[in-house]
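# A look at the structure
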Amino acid sequence: MVGERSTTWPPGSNEMAGRIRAFDWSVTSLGPIAGWTWRLKIAVEVTLANPLVTYAVCGSGRILIYNDATAAMLGSMHPHALGQSASTFFSAARAVMEPLYERAFTGEAVRIDAQPVELNGKERPRAFDLVLTPIGEEDGRVTCVQVTGFDVSGRIAAEQERDRTVEGLRASEARLRLALDASRMGVWTYDPATNSFGVDARAAEITGVAPGGALPASSIWLAAHSEDRSLLQARLADMLDPQGDHWNEAVARFVHPDGTERWTQARAHSVLAGEGSQRVALRVLGTILDITESKKAEADLRQSEQRFRAFVTASSDAIYRMSADWSELQRLGDRGILADRTVQTGAWMDRYLRPEDQPTVQAMIAQAASAKTAVELEHRVHRADGTLGWVYSRAVPIMNECGEVREWLGTASDVTARKLTEEALRESEKRFRAVANLGPDFLWSSDPQGRATWFSERWYTYTGQSEVEALGYGWHEAIHHEDREPTMARFFSVVEHGKVFSHEYRIRRQDGSYRWFLVRAGPIHDETGQIAQCYGAVTDIDDLRKLQERQAVMVDELQHRTRNLLTVVRSIAQETMAQTGPTERFRAQFNDRLAALSRVQSLLSRSDQTPVTIRTLIQAEFDALGPAVMQGRVALEGPTVSLRKGDVQTLALAIHELATNARKYGALSNDQGELWVSWDSYTDETGKPRLALVWLEEGISPAPERRNGYGRKLIEQALPYALRARTSYELSDSELRCTIDLPLK
């Protein structure tokens, strides 16, 4: 652009100072540089001197002036953004930034955390904490807003990593504050002269004390847990001792006023003065981190018995500085994860890294150095205890005023436990798959929607399907078409009720034939209680089903022969009775009882396929009396209750006696009588299931035969003895009430 330019201001040899001098500002709302106020010029000089991403938004036109770090971030948009309106040039960010500018121009200092960078629709993988500082004129008007950005991309990308973009951890309190903000640490100090602590807002939040610059030491000790108080006092005393450990840490609990306990990790360093015997500790500087959730996670993991367990360990951090060419390493501080604490020059890579890992590390460093971007990598290191461990390392470049890398600031975290866990899980998975492929069953897993996620090798061998064909819903193709819908219905019952289920269906073999299989499956829940996966085993039962079918035929034949045998017994008894002259009443009762036994045997012969229920047993006895008996005079009420096979025969005889006596002497012997039979199942005080049956006849006539007959003896004596039943038999002139209560298991 042409027009009025400044050749002397702003001073400096960096790129943006030169571009500002060369720019024609007369075409902007700011006007020529000569007309700028001294406060605006100071704001521009501060912006240019700041090594962080910093720019100034000036005047009513929101004119943009920025430094070299911002120019590097803008990429191809630089230098066109210089002198442009920030509101219109960055249209994609206007909706977010314009309200912040409005607030800052009213005199409010504004901060916004973790703001993603999006320039004209092109989003870059970076995020910043932004601080907007209003710059006012002498008359109080705000004519400029300085925006400083702190790159917090690393904090967002990795929870355990703290991206401290600072130049000197000991030398700069502002840079330390940035690192502490990124890691959610609190800051505290101790003054031996006044025996008082200073805690910032975050440290106060963690410990439960009020923030302040001169809190009595007693208030801190009172907030500390009684079991940890002496530990903290001993560590502080050690740090005040000129011969003690002046870099210290402690893990302790603090009790909040509401009674809640918070686990903390405190680290501190003594500031010393003097020499020899005159050496004293002037102050103790420290940080404190809330590790309550980490402690809780560790306790939960110890109790977990899940197949795949995650190992979470507290990170061991090291902070370091590197020269621009990565030849010199300076350790600012660590927790003892590396082999020594000395400064390494030139030989740091040979000292800490394995020879076979060095080429990979060197290549990644060279790539980051060339692009002037952060470097992130995991690699093996020699640890302080002599073992070989793993660290996750991240370093960011610190630029000079010319846009060149002056040094690198980085952190390293010990991830050995995670690496060992991952390797153990891989070995466990390998062993599991090996065992799964050796067994006779098909093993599988699926998501809650029934999409298969894994099959053992035997599935592919049997069905002939490939992995691509079987996974998802492809396994349906191998299931017999008549069995697919009921199979999925049973599967979804697992999802609905969260219980183990079993089901039989047919699966097609490679040759096209089908065999019967039994599947047993159940769910695995995640930490929220939702079903994450379903696992199952499929067993070939085709041969077993064929055996069961043959067995059923044999049982039917056996029952047929048994019924024939009973017929022979009946015939022999009748002939014998004819020769000995028994009464007709005896003959009828004997025949009826044998018929009842025959009916019971018929029911028992089918019990494997159709369990014998109390309704079936009662209905069979009334059916034997003839269809006219049931018409409008007999009511049966009760749910489906299956009986034990061993109880059926004795209970059937009792029901037979009640039904026969009702027909001869009771409610069914006249036109006015009515009979109700009701039953239900329940759980007794020991948690065991029982059956309660009530037999009620009304409109009966007194009959001596029912007071002490065979049926009553069977109910009151045989049932309690044989079936452990509780019975009652109450007979009046017009009513019979009989109850039978017996266990079902």
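In short, a report on the structure. In this text, all values refer to a predicted model and were calculated from it rather than measured experimentally. (Residues numbered from 1 in each chain as written. Predicted model: local features only at pLDDT ≥ 70, side-chain atom pairs only at ≥ 80, totals over all residues. Heavy atoms only, no water.)

### Brief notes about the overall build of the protein
When you go through the protein residue by residue, the secondary structure sums to 22 helices and 27 strands. Across the 745 residues of the protein, 44% fall into the buried class. The long-range share in the protein, meaning contacts at least 24 apart out of those at least 6 apart in sequence, stands at 51%. Surface accessibility of the protein: about 38,800 Å² in total, with carbon and sulfur atoms responsible for 53%. (Helix = DSSP H or I, 4+ residues; strand = E, 2+ residues; numbered from the N terminus. Buried < 20%, exposed > 50% of the residue type's maximum accessible area, 1.4 Å probe, protein only. Contact = heavy atoms within 4.5 Å. Areas by Shrake-Rupley, 256 points an atom, 1.4 Å probe, with all protein chains shown as cover.)

### Structural notes on the nonpolar core
Within the largest apolar cluster, 45 residues are counted, with the highest numbers of intra-cluster contacts made by Trp25, Trp36, Ile65, Tyr66, Tyr101 and Leu132. What Trp36 contacts, discounting residues up to four positions off in sequence, is Trp9, Trp25, Leu30, Gly31, Lys41, Val44 and Ile65. Among the nonpolar cores identified, the runner-up in size contains 39 residues, and Ile614, Ala662, Leu714 and Leu736 belong to it. (Core = buried A, V, L, I, M, F, W, Y, C linked by side-chain atoms within 4.5 Å.)

### Comments concerning the sheet that holds strand E18 (residues 442-446)
Strand order in the open sheet formed by 5 strands is E19-E18-E22-E21-E20, with antiparallel pairing between adjacent strands. At either margin of the open sheet sits one strand with a lone partner, and together these are strand E19 (452-455) and strand E20 (501-508). Between one strand axis and the next, the sheet turns by 30° as a mean value, whatever way the strands run. Pairing of E18 with strand E22 (residues 531-540) involves 5 bridges; the strand directions are antiparallel. (Pairing = 2+ DSSP bridges. Axes fitted to C-alpha atoms, helices over the stretch in contact; angles between N-to-C directions.)

### What to know about unusual backbone geometry
Most of the time, phi is negative for any residue but glycine, and the peptide bond is trans. Of the consecutive residues Trp9 and Pro10, the connecting peptide bond is found in the cis state with omega at 0°. Of the consecutive residues His78 and Pro79, the connecting peptide bond is found in the cis state with omega at 10°. One non-glycine residue, Arg62, adopts positive backbone phi at about 55°. With respect to the helices and strands, Arg62 occurs in the loop between strand E1 (53-58) and strand E2 (63-66).

### Describing helix H5 (residues 94-105)
Helix length check: H5, at 12 residues, gives a terminal C-alpha distance of 16 Å against a target of 16 Å (1.5 Å per residue), a fit within 8%. When H5 is considered as a whole, its buried residues turn out to be Met97, Glu98, Leu100, Tyr101, Ala104 and Phe105. Taken around the axis of H5, the buried residues stretch over an arc of 165°, which confines them to a single face. Trailing H5 by a residue or two, Gly107 shows a phi angle of about 105°, which is positive. (Expected span 1.5 Å × (residues − 1). Arc of directions from axis to C-beta.)

### A short note on the packing of helix H21 (residues 645-664) against helix H22 (residues 710-723)
Close contact between H21 and H22 brings their axes to 9 Å; oriented N to C, the two are set at 160°. Between H21 and H22, the interaxial angle falls into the category roughly antiparallel. Helix-helix and strand crossings are classified by hand; for H21 and H22 the assignment is left-handed. Facing H21, whose interface residues are Gly646, Asp647, Thr650, Leu651, Leu653, Ala654, Glu657 and Leu658, H22 presents Tyr710, Gly711, Leu714, Ile715, Leu719, Ala722 and Leu723. (Parallel < 35°, antiparallel > 145°, perpendicular 65-115°, else oblique. Left-handed = near helix turned anticlockwise from the far one by under 90°.)

### Quick look at the packing of helix H20 (residues 614-625) against H21
Direction vectors running N to C along H20 and H21 enclose 40°, while the axes themselves pass 10 Å from each other. Relative to H21, the element H20 lies oblique. Seen from above, H20 lies across H21 with right-handed handedness. Residues Ile614, Leu617, Ile618, Glu621, Phe622 and Leu625 of H20 form the contact with H21, whose participating residues are Val648, Leu651, Ala652, Ile655, His656, Ala659 and Arg663.

### So, the sheet that holds strand E8 (residues 212-216)
Strand order in the open sheet formed by 6 strands is E8-E7-E6-E11-E10-E9, and the pairing between neighbours is antiparallel. Of all the strands in the sheet, just E8 and strand E9 (247-255) have a single pairing partner and so form its edges. In this sheet, neighbouring strand axes are inclined to one another by 25° on average, regardless of whether the strands run parallel or antiparallel. As paired elements, E9 and strand E10 (residues 261-273) share 9 bridges and run antiparallel to each other. Its bridge partner being in E10, Asn248 is matched across the sheet by Ala268. Relative to E9, helix H10 (residues 229-240) is tilted by about 155°, and along the sheet it contacts strand E6 (186-191), strand E7 (196-199), E9, E10 and strand E11 (280-290).

### Considerations on the pattern of salt bridges
Counted under the stated rule, the structure contains 31 salt bridges. When the shortest N-O distance is used, the salt bridge between Arg111 and Asp129 registers 3.3 Å. Taken as a pair, Arg111 in strand E3 (residues 110-119) and Asp129 in strand E4 (residues 122-136) lie far apart in primary sequence, 18 residues in all. Residue Asp129 is classed as buried on the basis of its relative accessible area, which comes to 2%. Among the ionic pairs, Asp741 bridges to Arg690, the shortest N-O distance being 2.7 Å. One end of the pair, Asp741, is in strand E27 (residues 735-743); the other, Arg690, is in strand E25 (residues 689-698), with 51 residues separating them in the sequence. Residue Asp741 is classed as buried on the basis of its relative accessible area, which comes to 13%. What you see here is one network of salt bridges that share partners, running through Arg515, Asp540, Asp542, Asp543 and Lys546. (Salt bridge = Lys/Arg side-chain N within 4 Å of Asp/Glu carboxyl O.)

### Describing the pairing of E7
Both faces of E7 are covered, namely the face carrying Ser196 and Gly198 and the face carrying Phe197 and Val199. As judged from the 4 bridges shared by E6 and E7, these two strands associate in the antiparallel manner. Of the residues in E7, the one forming a bridge with Trp188 is Val199. Two successive antiparallel strands, E6 and E7, enclose a turn made up of 4 residues, where Asn195 displays a positive phi of approximately 50°.

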